[in-house]
Amino acid sequence: MPVSAPSPPRLQSPFIQRPINFTPSTFSARNLRSPATTYPRIKAELDPNTVVAISVGVASVALGIGIPVFYETQIDNAAKRENTQPCFPCNGTGAQKCRLCVGSGNVTVELGGGEKEVSNCINCDGAGSLTCTTCQGSGVQPRYLDRREFKDDD
């Protein structure tokens, strides 16, 4: 009675359209990369939730890279432009009217019994105005990041 050779193993998967047959000739050096060799096609089943998840991931990465790049280019472009906008609080004068003496330089205090005492304003030292705290007296409206003073407290 003739002895038959065992059949080669077969790999089956729900993702592969046709089963892969393993035979000894498949692994020979001659057939390893021959043009006649065909590769199995892989099925990819994408449901709508997977497509949405991938799209959100790609959009998140794009925004995570795009927003900082946008801000950097805006900062670089702003640094190249001349800033000539007059300061809003002081109207470009560099000084603001003192709020305590309302610009007069003197403070009047009623002591009672009809008596009044007039003295120099302690806030502005009698000048009637203070250096603008927004533009530091330059009269030019600072840009957003120029208004902050970043200190390293370490």
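Numbers given for residues are sequential positions, taken from 1 along each chain in its written order. Totals for whole chains, interfaces and linings use every residue, but because this is a predicted model, local features are given only for residues with pLDDT of at least 70 and side-chain atom pairs only at 80 or more, for both listing and counting. Hydrogens and water are ignored here; the side-chain numbers use all heavy atoms of the structure.

A. Here's a closer look at the overall build of the protein chain. Check the secondary structure of the protein chain and you find one helix and six strands. Secondary structure is summarised from DSSP: a helix means a run of H or I of at least four residues, a strand means a run of E of at least two, and numbering begins at the N terminus for each. Beginning at the N terminus, the succession of helices and strands in the protein chain can be written as β-β-α-β-β-β-β. Here's how the labels work: a residue is buried when its accessible area is under 20% of the maximum for its type, exposed when over 50%, partly exposed in between, all with a 1.4 Å probe on protein chains only. Put simply, the protein chain has 154 residues, and 10% of those count as buried. Contacts spanning at least 24 positions in sequence make up 48% of the contacts within the protein chain whose residues lie at least 6 apart. Accessible surface, the protein chain as shown: approximately 13200 Å² in total, 57% of it carbon and sulfur. When checking whether two residues touch, look at their non-hydrogen atoms; a contact exists if any pair is within 4.5 Å. Accessible surface area values rest on a Shrake-Rupley calculation with a 1.4 Å probe, where residue burial reflects the displayed protein chains alone.

B. Representation of the packing of aromatic side chains within the structure. Side-chain rings of Phe, Tyr and Trp, where Trp is taken by its six-membered ring, are said to pair if the distance between their centres is within 6.5 Å; with planes under 30 degrees apart they count as stacked, over 60 as edge-to-face, and otherwise as tilted. Tallying each qualifying case throughout the model produces one aromatic pair. Taking the centre distance of 5.8 Å and the plane angle of 65 degrees together, the rings of F70 and Y71 count as edge-to-face. F70 gets classed as partly exposed once you look at its relative accessible area, which sits at 48%.

C. Looking closely at the UniProt feature "transmembrane region" (unreviewed entry) in the protein chain. The UniProt record marks residues 51-71 with the feature "transmembrane region" (unreviewed entry), using the residue numbering of this structure. End C-alpha atoms of residues 51-71 are separated by 30 Å, and the span's content is 100% helix alongside 0% strand. UniProt positions are given in the numbering used here, feature names are shortened, and annotations may be inferred rather than shown by experiment.

D. Spotlight on the pairing of strand β5 (residues 115-120). Counting buried positions along β5 gives zero out of six residues, so the element sits mostly on the surface. Turn length for the strand β4 (residues 106-112)-β5 hairpin, with the two strands adjacent in sequence and antiparallel, is two residues, and the turn residue G113 shows positive phi of about 65 degrees. In short, DSSP must find at least two bridges between two strands for them to pair.

E. Region of the structure containing the pairing of β4. Of the pairings in the sheet, the one linking β4 to β5 comprises six bridges and is antiparallel in character. Within β5, the residue paired with E110 across the bridge is K116.

F. Just unusual backbone geometry, in detail. One non-glycine residue, V102, lies in the positive phi region at around 60 degrees. Tracing the backbone through its elements, the reader meets V102 in the loop between β3 (95-97) and β4. Under the relative-accessibility criterion, V102 is labelled exposed at 57%. A positive phi angle, close to 55 degrees, is found at D125, a residue other than glycine. Within the secondary structure layout, D125 lies in the loop between β5 and β6 (129-131). Owing to a relative accessible area of 66%, D125 belongs among the exposed residues under this scheme.

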